[in-house]
Amino acid sequence: AAKFMRVLLDCECGNPATMAQLAHEISERSRLAKNWLGAKDYRELKGDWLHEAKDFEADRQARREAAEFAVLVAEARASGPAAQASAAAGLYVDAIELLRRNGGSPERIAELRARRRQLQEASMKEMQSFMTKTDITDLVNEEREIYRGKDFPTALLILAFRYPTVALEELKKQTIESARG
């Protein structure tokens, strides 16, 4: 539903007030289900629709509410059996930025920054070192055999055309699709 709402928004289809209300209702259902990420995403969508309706203060309020849901997303990541302080600290960045850009109180922003710092410090305990050995001898020998006995211009041509080039348009398309989720 969120992707569909984004498509409608991008196409400037739909009544912004109606769509903002729908996004709010879905956000509330997500909140009641303790689906903080869903609640955040739909509250941001509500803000997008309100912005489209040129109700800028309501847009900013919706985004401040989304920031508070982002805090809940971060705290959920910071607790429980699969807790990750480093991931939670990164999620706090989103919440802080939403508040900062949308008129959040300086006190609340400072509070969230302090919590992010705590999580960053805790994340240092999560850091682990590891080593791995990779033997590339066979790969190197295979490559040497390909060029053995060839003069330099021929070897250079083989090297230039041996591996497929990057299709920039395809890479761009994949990147955009990946970013959209």
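Trainee: With reference to specific residues and values, describe the overall build of the protein chain.
Mentor: Scanning the protein chain from N- to C-terminus turns up nine helices and zero strands. Secondary structure elements of the protein chain occur, N-terminal to C-terminal, as α-α-α-α-α-α-α-α-α. Rg of the C-alpha trace for the protein chain: 25 Å, well past the compact-globule value of 16 Å for 181 residues, more than 25% over. Relative to its full complement of 181 residues, the protein chain shows a buried share of 27%.

Trainee: So what's going on with the side chain of arginine 63? Residues and values would help.
Mentor: Among the structural elements, arginine 63 can be located in helix 4 (residues 56-78). A relative accessible area of 14% means that arginine 63 is categorised as buried. Setting aside anything within four residues of it in sequence, one finds arginine 63 in contact with Glu44, Gly47, Asp48, Leu98 and Asn102.

Trainee: Describe a nonpolar patch on the surface, and please don't skip the residues or the numbers.
Mentor: Taken together, the side chains of Phe152, Leu156, Leu159 and Tyr163 present a nonpolar region at the surface, about 460 Å² in accessible area. Looking at the secondary structure, you find tyrosine 163 in the loop between helix 8 (152-162) and helix 9 (168-180). The exposure class of tyrosine 163 is partly exposed, given its relative accessible area of 46%.

Trainee: How would you explain the nonpolar core if you had to name every residue and give the values?
Mentor: Residues Val71, Tyr92, Ala95, Leu99, Leu112 and Leu119 are the most contacted members of the largest nonpolar core, which totals 16 residues. Those elements giving two or more residues to this core turn out to be helix 4, helix 5 (85-101) and helix 6 (106-126). With eight residues, the single largest contributor to this core is helix 5. Every residue in contact with leucine 99, bar those within four places of it in the chain, is listed here: Arg64, Ala67, Glu68, Gly104, Arg108, Ile109 and Leu112.

Trainee: Please set out the pattern of salt bridges residue by residue, giving values where relevant.
Mentor: Under the defined criterion, the tally for this structure stands at 18 salt bridges. With a shortest N-O distance of 2.5 Å, arginine 63 and aspartate 59 are connected by a salt bridge. Of this pair, arginine 63 and aspartate 59 both sit in helix 4, separated by four residues, roughly a single helical turn. Taken together, the salt bridges that share partners define one network made up of Arg6, Asp48, Asp59 and Arg63.

The rules we used
Residues numbered from 1 in each chain as written. Predicted model: local features only at pLDDT ≥ 70, side-chain atom pairs only at ≥ 80, totals over all residues. Heavy atoms only, no water. Helix = DSSP H or I, 4+ residues; strand = E, 2+ residues; numbered from the N terminus. Rg over C-alpha atoms; globule rule 2.2 N^0.38 Å. Buried < 20%, exposed > 50% of the residue type's maximum accessible area, 1.4 Å probe, protein only. Contact = heavy atoms within 4.5 Å. Patch = residues over 30% accessible without salt bridge, like charges linked within 9 Å, V, L, I, M, F, W, Y side chains within 5 Å. Areas by Shrake-Rupley, 256 points an atom, 1.4 Å probe, with all protein chains shown as cover. Salt bridge = Lys/Arg side-chain N within 4 Å of Asp/Glu carboxyl O. Core = buried A, V, L, I, M, F, W, Y, C linked by side-chain atoms within 4.5 Å.

The values are spatial; any link to function lies outside them.
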